[in-house]
Amino acid sequence: MSAYGLYYRVQTELGQIQCALRESLRQEAESRHSVVVVGDNVDVELLVDIDPGEELKKKKTYGAIFKIYPRHSKFSRPKRGKEEIEQIVAANIDQMLIISAVKRPQFKMGLIDRFLIAAHQGSLEPIIVLNKIDLEHTLDLNRLEQIYKSINVSMITTSATKKIGLDKFREVLTNKHSIVVGQSGTGKSSLLNAVEKGLKLKVGEISDYSQKGTHTTAAVEMHPLSFGGYVVDTPGLKYLGLWNIEAEDLRYLYPEIAGYSEKCRFRNCLHMSEPGCAVKEAVEEEQIYPERYESYLKITGELQAEESFKK
Ligand SMILES: Nc1nc2c(ncn2[C@@H]2O[C@H](COP(=O)(O)OP(=O)(O)OP(=O)(O)O)[C@@H](O)[C@H]2O)c(=O)[nH]1
Ligand SMILES: [Mg+2]
Ligand SMILES: [Zn+2]
C-alpha cells in the first residue's frame, strides 16, 4: 500500500501491517531501485503473533516480505536527477486517471499526452478527468472530448467542490485498481475525498500568485475503496519524463499518426519537415487534429533535445 524507506505497509487478511524485507530482498533493494513498489503482490512471513481483534500498531514491524509476484502493469518514469534509473511509481494497476483542471493550474495538453504515452507503455488504460468545471474557463470541452474519443480515450468532467460528475467518477473507480496522476493542485486528493468519505486525504491551496498547486500529497499511497477497488493517490508532477522512449518512437505512440505514416514518401519519415509527408497532409485536411499533431511535434522536439544533451 505504501513504502517508506525500506519499510512497507502491506494489506493482509489480518489488516494493514508494517513489514520489512527479508535479508536477500533487502540487499537487492539497497542496490537497485523499485524492487518492491506500491501495488506489488507479495508474500509475507509473520514475525510476531497477532491476536484476533488486536489493535495493530502503525510503527511496529509485524512481517517480512520474502516474495514478489510478477507485475502485469506498471507506471514508470525516469528517476528525478538520475534519469538512467527506472522508477516504478506503482504496479499492477488497471487504469490511470489523468486529472487535469480546466484552469488553476493551467491546462496542459502536452502533459496529458505524456501520461497517455506512459500509460500505453505500462499497459494501463488511460482515462482523462477534467476537474474544476465549476470555474469560468475558455476550454472547448466538447472538442477535447472528440479529440480523445478519436483515439479511444474516454474523458469525464467533474467538480470536486460543486459535486458534479462524482457518480461517474465513482463508477469508473469501482472494482478496479486505479492510479490518479496529474499536476499539483488539479484536485486529485479532493476528488478521492469527495467519493470516499473515510479517506480524509490532505488537500492543499492554489497559489494566487503562480496559479499552481503547492505539492500537498507527499507520497505515493494506495487506499482501499469501500465500494470496491483500490486507488493510488500520487504527488502532483510539473513534468513527466518518459521512461525508455526515444524521439523516434513517438510516431508509433500517436495512433492517429501511425495510421498515416505508411503513405509518407520516406519510410523513416518523422512527419516534421520531410517532403511528401502524408501525416502533414492529413493535419491540413483536419483528418488528424492539429492539437495532437502540435503536441507530437512538441514532445518529439523535447525528446530530441534531451537526447542531444545526453550525448
Ligand atoms: N474550484 C474548484 N476547486 C477545486 C476543485 N477540486 C479541488 N479544488 C481545489 O484545488 C486545490 C488543490 O486540491 P488538491 O486536492 O489538494 O489537489 P491535488 O491534485 O491533490 O494536489 P497535489 O497533492 O499537490 O498533487 C484545493 O484548494 C481544492 O479545494 C474543483 O472541482 N473546483
Ligand atoms: Mg493531493
Ligand atoms: Zn510523414
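Residues numbered from 1 in each chain as written. Chains lettered and ligands numbered in written order. Predicted model: local features only at pLDDT ≥ 70, side-chain atom pairs only at ≥ 80, totals over all residues.

This brings us to the site of ligand 1. Inspection of the region around ligand 1 gives 24 residues, with Gly187, Ser189, Ser190, Thr217 and Gly236 positioned closest. With three residues, the single largest contributor to the shell around ligand 1 is helix α5 (residues 188–195). Its residues placed into classes, the shell around ligand 1 shows five nonpolar, 15 polar and four charged. (Near = placed C-beta within 6 Å. Helix = DSSP H or I, 4+ residues; strand = E, 2+ residues; numbered from the N terminus. Nonpolar A, V, L, I, M, F, W, Y, C, P; charged D, E, K, R; others polar.)

Here the domain parsing of the chain yields domain 1 (2–68), domain 2 (74–233) and domain 3 (247–310). Opposite the nine residues of domain 1 that make contact, domain 2 presents 16 residues. Per-class residue counts for the side of domain 1 that touches domain 2 are two nonpolar, six polar and one charged. (Domains from an automatic or database assignment. Contact = placed C-beta atoms within 7 Å.)

What follows deals with unusual backbone geometry. The step from arginine 104 to proline 105 runs through a cis peptide bond, and the omega angle for that step is 0 degrees. Along the polypeptide, proline 105 turns up in the loop between β8 (95–101) and α2 (109–121). Of note in this structure, asparagine 152 is not a glycine but carries a positive phi near 65 degrees. Assignment of secondary structure puts asparagine 152 in the loop between α3 (141–149) and β10 (154–157). By C-beta crowding, asparagine 152 is classed as exposed, having 9 other C-beta atoms within 10 Å. The backbone of histidine 271 sits at a positive phi, close to 60 degrees, despite the residue not being glycine. Within the secondary structure, histidine 271 is located in the loop between α7 (255–258) and α8 (278–284). (Buried ≥ 20, exposed ≤ 12 C-beta atoms within 10 Å, placed from the backbone.)

Two faces make up the sheet, and in a regular strand the side chains alternate between them. The element strand β9 (residues 125–131) is largely enclosed, with a buried count of six among its seven residues. As paired elements, β8 and β9 share seven bridges and run parallel to each other. Considered in β9, the bridge of isoleucine 98 is made with isoleucine 128. Assessed by its sense of winding, the connection that carries the chain from β8 through α2 to β9 is right-handed. (Pairing = 2+ DSSP bridges. Right-handed = clockwise from strand over helix to strand, strands pointing away.)

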